[in-house]
Amino acid sequence: MQIIRYGTGGDTRVGVAGDDGTVRRLGVPSLGLLLALPLDEIRSLVERGGPVEDGVPERLPPVDGRTEVWASGVTYVRSREARREESRAADVYSLVYDADRPELFFKSAAWRVSGDGEPIGVRPDSAVDVPEPELALVLNAGGEIVGYTVCDDVSSRSIEGENPLYLPQAKVYAGACAIGPGIRPAWEVPDATALGITLVVRRGGEVAFEGATSTSLLHRALDDLVEHLFRCTHFPEGAILSTGTGLVPPMDFTLREGDVVEIGVESVGTLTNPVVTAAPEAFAWLAARADDPAR
């Protein structure tokens, strides 16, 4: 099953999508308020379900309200190598890879997130932009892992490589974060540290790049990443924490407008997004949807 956020009849709702395609509405008005609850209460609500929705509702990004999206950096050997390839200050990435404290950074407010099938953006002022396929942890207000989803931590390699202090510009801009298609409950995933992750970028009907990795190659423990995130920060409606990427294309590859990115995480789901230029007007619909979530 998946916990989903969806639109139907002019309303935005939270429900559970079963393996048979049915959607049962949950008795909570938002995912954020669901994540405000303890894990045992969330599990009880999800397993109990609710009335079945008619038809197939339109899915929305599985994040809302005051839930924030955060991300982890340099958590795989490949990520460390890629950062060193691109950076003029390569030593900082080697240091953080082996440090006790992980690299964690703010990625997106809930309203800026693209969902499955919605566009992601590449910066026009960047020479190299890449998708970063990642397992993301869905955390409640108490820092418990409620479930897992797929995140594309879209990034500008050239901007971060110019200077590590440019990280926010390389990571936070219009269309830089996609999450979906839903949330696989944690109790349905026996071992989140042994999940295959795949990436395919299609261009003009052909495969422009593809690769595979596994969360078994993560250098950081998931509970350690969560502990550091929650150490001195309060998340009243939970948080989504993306755990870093083990798949980074070579420096001669960059995303282009018209590409389609497909990320699969075993037992969690598949996230697919077309690529457009990250002009502010191209993502104005995100602000409009925030004002009217049923759009």
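Relevant structure appears above.
Notes on the structure follow. (Residues numbered from 1 in each chain as written. Predicted model: local features only at pLDDT ≥ 70, side-chain atom pairs only at ≥ 80, totals over all residues. Heavy atoms only, no water.)

### Some details on the state of the cysteines
For the record, the criterion: Our working definition of a disulfide is a cysteine sulfur pair at a distance within 2.5 Å.
The tally for this structure, following the rule as stated, stands at zero disulfides. Cys151 forms no disulfide, and the closest cysteine sulfur to it belongs to Cys177, at a distance of 4.4 Å.

### Quick notes on unusual backbone geometry
This is how the line gets drawn: Secondary structure elements are taken from DSSP: a helix is a run of H or I of four residues or more, a strand is a run of E of two residues or more, and numbering for both begins at the N terminus. Each residue is placed in one exposure class: buried if its accessible area under a 1.4 Å probe, protein chains only, is under 20% of its type's maximum, exposed if it is over 50%, and partly exposed if it falls in between.
Between Gly180 and the following residue, Pro181, the backbone shows a cis peptide bond with an omega angle of -5 degrees. Mapping Pro181 onto the fold places it in strand S12 (residues 177–185). The residue Val74 is not glycine, and still its phi comes out positive at about 55 degrees. Counting through the fold element by element, Val74 comes out in the loop between strand S5 (68–73) and helix H3 (77–86). Judged by its relative accessible area of 2%, Val74 is buried. Positive phi is not limited to glycine here, since Ser267 has a value of about 70 degrees. Along the polypeptide, Ser267 turns up in the loop between strand S16 (260–265) and strand S17 (269–277).

### Regarding the side chain of Glu103
So the rule is basically this: We treat Lys and Arg as the positive residues and Asp and Glu as the negative residues; His and chain ends play no part in the count. Salt bridges are identified by distance alone: a Lys or Arg side-chain nitrogen within 4 Å of an Asp or Glu carboxyl oxygen. Any two residues having at least one pair of non-hydrogen atoms within 4.5 Å are treated as being in contact.
As for its position among the elements, Glu103 is in strand S6 (residues 103–109). Buried and unpaired, Glu103 has no salt bridge, with Lys171 as the nearest side chain of opposite charge at 7.0 Å. Excluding residues that lie within four positions of it along the chain, Glu103 makes contacts with Ala71, Ser72, Gly73, Val74, Val96 and Leu167.

### With respect to the sheet that holds S17
Spelled out, the test is: Two strands are counted as paired when DSSP detects at least two bridges linking them. Angles run from 0 to 180 degrees between N-to-C directions of axes, and those axes are lines fitted to C-alpha atoms, restricted for helices to the stretch in contact.
Strand order in the open sheet formed by five strands is S7-S17-S16-S13-S14, with mixed pairing between adjacent strands. With one partner strand each, in any of the chains shown, strand S7 (120–122) and strand S14 (206–214) form the two edges of the open sheet. Averaged over all neighbouring strand pairs, the angle between strand axes comes to 20 degrees, with direction disregarded. Across six bridges, the pairing between strand S13 (residues 196–203) and S16 is antiparallel. Counted as the bridge partner of Leu199 is Ile263 from S16.

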